[in-house]
Amino acid sequence: MAGVVNPSDIREETTGDLTGLGALLQQIVGQPFLFFRETYGDELTIHFGALKEVMSPKLRKRQRGSYVLTLRGSVWKIEGGATPGLYLTGPVAFPPGSTSELKPFPLAAFEQQPPIEPGAIVITAKPFLDTEYGGGIGVYFVFSDRSLIVIRPNPADLILEADPDLPRIADWELFTPHSRYLRVGPGSVWSYTASKRDVPSA
Amino acid sequence: MGRKRDLKQVDAVCREFGMDADTELEFRDYLHECKESGDRGTANDRGDFTMGELRQKAREFLGIEE
């Protein structure tokens, strides 16, 4: 039996249902990796799919991917395929006083020396319930050049919800060419809604 | 790993200005490009922006005249 998912359908905020989330994520399988981009607040974004022009005339970098994965404040690991290397971030990777094996690698360097081969195809995209990190939703991607990306919610958020005057942010997001985006976290909450205001809900 | 407080501040300002998610995604890039080009904020030594500066940047980005 086959099943069908319409990537233009809206999915309002949901708790759990990793099967449904996993089905929506399948749209990125088969898409090529394009590039990494550092953005404000030491956040890394990963671009996939086809190159497209940005909307804003204010931006100097005029192109983005048709799919954009934003890592927000999550912990992540990237394992190079063709070029060996384990790129780590977060409190687990950097416990106090133990950096002898880890060399600093600025985010900007991901743009010039990407550990994933440009053009490598996403062959697996799978969400998982991160029980070690308190029940948030992580995700991993495997590429045709044997590269790997693992994204996990930041465990520090479980201890204390800092900044109560500010909105809580997602653990990761995936923008799609269907004017929809996946917004995952915090916790086990996710949604798939319009990313552009003038697009009517399906 | 992104710094959550900075990311939350940007989200808060985007909500104030009614940006949709696609616009917010590009606004985050705009803020980074401003810093890269030397147009830095005064919140700290890294050149991050204060809430007031973020609001000003949002007006610049959206073409809103004061």
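Residues numbered from 1 in each chain as written. Chains lettered and ligands numbered in written order. Predicted model: local features only at pLDDT ≥ 70, side-chain atom pairs only at ≥ 80, totals over all residues.

Opposite the 33 residues of chain A that make contact, chain B presents 25 residues. For the side of chain A that touches chain B, the elements supplying multiple residues, two or more each, are strand S2 (33–39) and strand S5 (75–79) of chain A. By residue class, the composition of the side of chain A that touches chain B is 14 nonpolar, 9 polar and 10 charged. (Contact = placed C-beta atoms within 7 Å. Helix = DSSP H or I, 4+ residues; strand = E, 2+ residues; numbered from the N terminus. Nonpolar A, V, L, I, M, F, W, Y, C, P; charged D, E, K, R; others polar.)

Attention now goes to the packing of helix H2 (residues 21–36) of chain B against helix H3 (residues 51–62) of chain B. Residue and element names in this part refer to chain B. Between H2 and H3, the shortest axis-to-axis distance is 11 Å and the interhelical angle comes to 110 degrees. As the angle between them shows, H2 and H3 are arranged roughly perpendicular. Judged by residue contacts, Phe 27, Tyr 30, Leu 31 and Cys 34 of H2 engage Lys 57, Ala 58 and Phe 61 from H3. The residue makeup of the contact of H2 with H3, split by class, is 6 nonpolar, no polar and 1 charged. (Axes fitted to C-alpha atoms, helices over the stretch in contact; angles between N-to-C directions. Parallel < 35°, antiparallel > 145°, perpendicular 65-115°, else oblique.)

Moving on, we get to the pairing of strand S1 (residues 11–15) of chain A. Residue and element names in this part refer to chain A. Within S1, only 0 of the 5 residues are buried, which leaves the element largely exposed. Where S1 and strand S12 (residues 189–194) come together, 3 bridges link them in antiparallel fashion. Bridge pairing in S12 links Thr 15 to Val 189. (Buried ≥ 20, exposed ≤ 12 C-beta atoms within 10 Å, placed from the backbone. Pairing = 2+ DSSP bridges.)

Time to look at the packing of helix H1 (residues 4–16) of chain B against H3(B). Residues and elements named next belong to chain B. Closest axis-to-axis distance for the H1/H3 pair is 10 Å, and the angle between their directions is 50 degrees. The angle between H1 and H3 places the two elements in the oblique class. When the axes of H1 and H3 are compared, the crossing they make is right-handed. For the pair H1 and H3, the contacting residues are Gln 9, Val 10 and Val 13 in the first and Met 51, Leu 54, Arg 55 and Ala 58 in the second. Considered class by class, the residues forming the contact of H1 with H3 number 5 nonpolar, 1 polar and 1 charged. (Left-handed = near helix turned anticlockwise from the far one by under 90°.)

All names here are of chain A. Sheet topology places strand S11 (residues 180–184) next to S12; 5 bridges connect them, and they run antiparallel. The residue of S12 that forms the bridge with Arg 180 is Ala 194. With antiparallel pairing between neighbouring strands as the criterion, S11 and S12 make up a hairpin whose turn holds 4 residues, including Gly 185 at a positive phi of roughly 90 degrees.

Now for unusual backbone geometry. All names here are of chain A. Looking along the chain, the bond that leaves Gly 185 and enters Pro 186 is cis, with omega of 0 degrees. Of note in the backbone geometry, Ser 179 takes a positive phi value of approximately 55 degrees without being a glycine. Among the residues examined, Ser 179 registers 20 C-beta atoms within 10 Å and is labelled buried.

Next up on the list: the sheet that holds strand S9 (residues 148–152) of chain A. Residues and elements named next belong to chain A. Pairing is antiparallel in the open sheet, where 5 strands are placed in the order S6-S5-S9-S8-S7. Edge positions in the open sheet fall to strand S6 (86–88) and strand S7 (122–130), since each of these has one partner strand only. On average, adjacent strands in this sheet sit at an angle of 10 degrees to one another, irrespective of strand direction. Both S5 and S6 contribute to a ladder of 3 bridges, which runs antiparallel. By the bridge assignment for S6, Ile 78 is matched with Tyr 87.

Judged by pairing direction, the sheet is antiparallel, and its 7 strands sit side by side in the order S1-S12-S11-S10-S4-S3-S2 (chain A) without closing on themselves. Of all the strands in the sheet, the pair left with one neighbour each is S1 and S2 of chain A. Going across the sheet, the axis of each strand differs from the next one's by a mean of 25 degrees, ignoring polarity. Strands S2, strand S4 (63–70), strand S10 (172–175) and S11 of chain A of the sheet are contacted by H2(B), whose axis makes an angle of about 65 degrees with S2(A).

Geometric descriptors of this kind do not, in isolation, establish any biological role.
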